[in-house]
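Here is what each chain is made of, one letter per residue.
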Amino acid sequence: MNETNRGSPGDAELLRAVADGDRRAFEELYRRYAPWLVLRLRGRCPDPALVDDVVQETFLDVWRGAARYRRDGDVAGWLWRIGSRRLVDGLRRDGARGRLRQALSRLRHRDEASAEEQVLALVRHGDLAASLAGLSPELRAVLQATVIDGLTTREAAVLLGIPPGTVKTRAMRARRHLREGLA
């Protein structure tokens, strides 16, 4: 994602310009990353309105805090870390309202579980769920970032605040543990 067109400024250059108050650089950064961030966040949150709010808050944080960006880091990972934290904040704020929505949704659809709910129930109560539950929080976090969120090793390292080598090692250990648990 670093450069979209030949001759276009790189992401780090855009962030430097944003830190200096360059609105055009900010708009370009938004065009590059907002759609990507929306897709990533929708994988974690089914509420499109909340996701839109989180994306706006994320880019507001970028506008206000671009100077805090470490020049050697990955811009996508930095944006994802901000966005995922804003999503957690939003879900906490939205907690009671969300629980009410879920309860009402269950009342409306009492007749039969959807195919997705049936599969999730099997996963939740099957061997995979037991194997996943047996993983340490560190190994589960790496699987969440790399498998479920689809982050690269480097992006996961940025998100989790650990070295890329540690991400690879933990992913390998988690897979081995799952294989043993499912064998």
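Keep in mind that what you see is a predicted model, and the values were worked out from it rather than measured. (Residues numbered from 1 in each chain as written. Predicted model: local features only at pLDDT ≥ 70, side-chain atom pairs only at ≥ 80, totals over all residues. Heavy atoms only, no water.)

Before going further, it helps to spend a moment on the nonpolar core. General note: in soluble globular proteins, nonpolar side chains tend to be found buried as a group. Within the largest apolar cluster, 38 residues are counted, with the highest numbers of intra-cluster contacts made by Leu-15, Tyr-33, Leu-41, Val-55, Phe-59 and Val-62. Those elements that place two or more of their residues in this core are helix H1 (11-19), helix H2 (23-42), helix H3 (48-65), helix H4 (75-93), helix H8 (137-148), helix H9 (153-160) and helix H10 (164-182). Per element, the largest residue contribution to this core is nine residues, and it comes from H2. Leu-41 has contacts with Val-51, Val-54, Val-55, Trp-80, Gly-83, Ser-84 and Leu-87, leaving out every residue within four places of it along the chain. Within the second largest apolar cluster, five residues are counted, among which are Leu-139, Leu-143, Ala-174 and Leu-178. (Core = buried A, V, L, I, M, F, W, Y, C linked by side-chain atoms within 4.5 Å. Buried < 20%, exposed > 50% of the residue type's maximum accessible area, 1.4 Å probe, protein only. Helix = DSSP H or I, 4+ residues; strand = E, 2+ residues; numbered from the N terminus. Contact = heavy atoms within 4.5 Å.)

Below, the discussion takes up H1. Those residues of H1 that fall on the buried side of the exposure criterion are Asp-11, Leu-14, Leu-15, Ala-17 and Val-18. The buried residues of H1 occupy one face: seen down the axis, they fall within an arc of 160 degrees. On its buried face, H1 is in contact with H2, H3 and H4. In the stretch just after H1, Gly-21 is the one whose phi turns positive, near 90 degrees. (Arc of directions from axis to C-beta.)

Enumeration over the complete set of coordinates arrives at eight salt bridges. Of the charged contacts in the structure, one is a salt bridge between Glu-28 and Arg-32, with a shortest N-O distance of 3.0 Å. With a gap of four residues between them, Glu-28 and Arg-32 both fall in helix H2, about one helical turn apart. Across the pair Arg-42 and Asp-52 runs a salt bridge whose closest N-O atoms are separated by 3.8 Å. A residue pair is termed long-range when its members are at least 10 positions apart, and Arg-42 in helix H2 and Asp-52 in helix H3 qualify at 10 residues. For Arg-42, a relative accessible area of 42% puts it in the partly exposed group. Of the residues examined, Asp-52 reaches a relative accessible area of 36% and is grouped as partly exposed. Connected through shared salt-bridge partners, Asp-11, Glu-28, Arg-31 and Arg-32 make up one network. (Salt bridge = Lys/Arg side-chain N within 4 Å of Asp/Glu carboxyl O.)

A separate point is the packing of aromatic side chains. The description of an aromatic ring pair rests on the distance of the ring centres and on the angle between the ring planes. In the structure shown here, the tally under the stated rule is four aromatic pairs. Seen in terms of ring centroids, Phe-26 and Trp-63 are 5.2 Å apart; in terms of plane orientation they differ by 70 degrees. Their pairing is edge-to-face. In this pair, Phe-26 is assigned in helix H2 and Trp-63 in helix H3, connecting sequence segments 37 residues apart. In this structure Trp-63 comes out as partly exposed when scored by relative accessible area, which is 34%. Centre to centre, the rings of Tyr-33 and Trp-36 are 5.9 Å apart; their planes meet at 80 degrees, and the pair counts as edge-to-face. Highlighted residues: Tyr-33 and Trp-36, both in helix H2, separated by three residues, approximately one helical turn. Exposure remark for Trp-36: the relative accessible area of 16% places this residue in the buried category. The rings of Phe-26, Tyr-30, Phe-59 and Trp-63 are connected pair by pair, giving a single aromatic cluster. When the ring centre of Trp-80 is taken as reference, the NZ or CZ atom of Arg-40 above it lies at 4.7 Å. (Phe/Tyr/Trp six-rings, centres within 6.5 Å; stacked < 30°, edge-to-face > 60°. Lys NZ or Arg CZ within 6 Å of the ring centre and 35° of its normal.)

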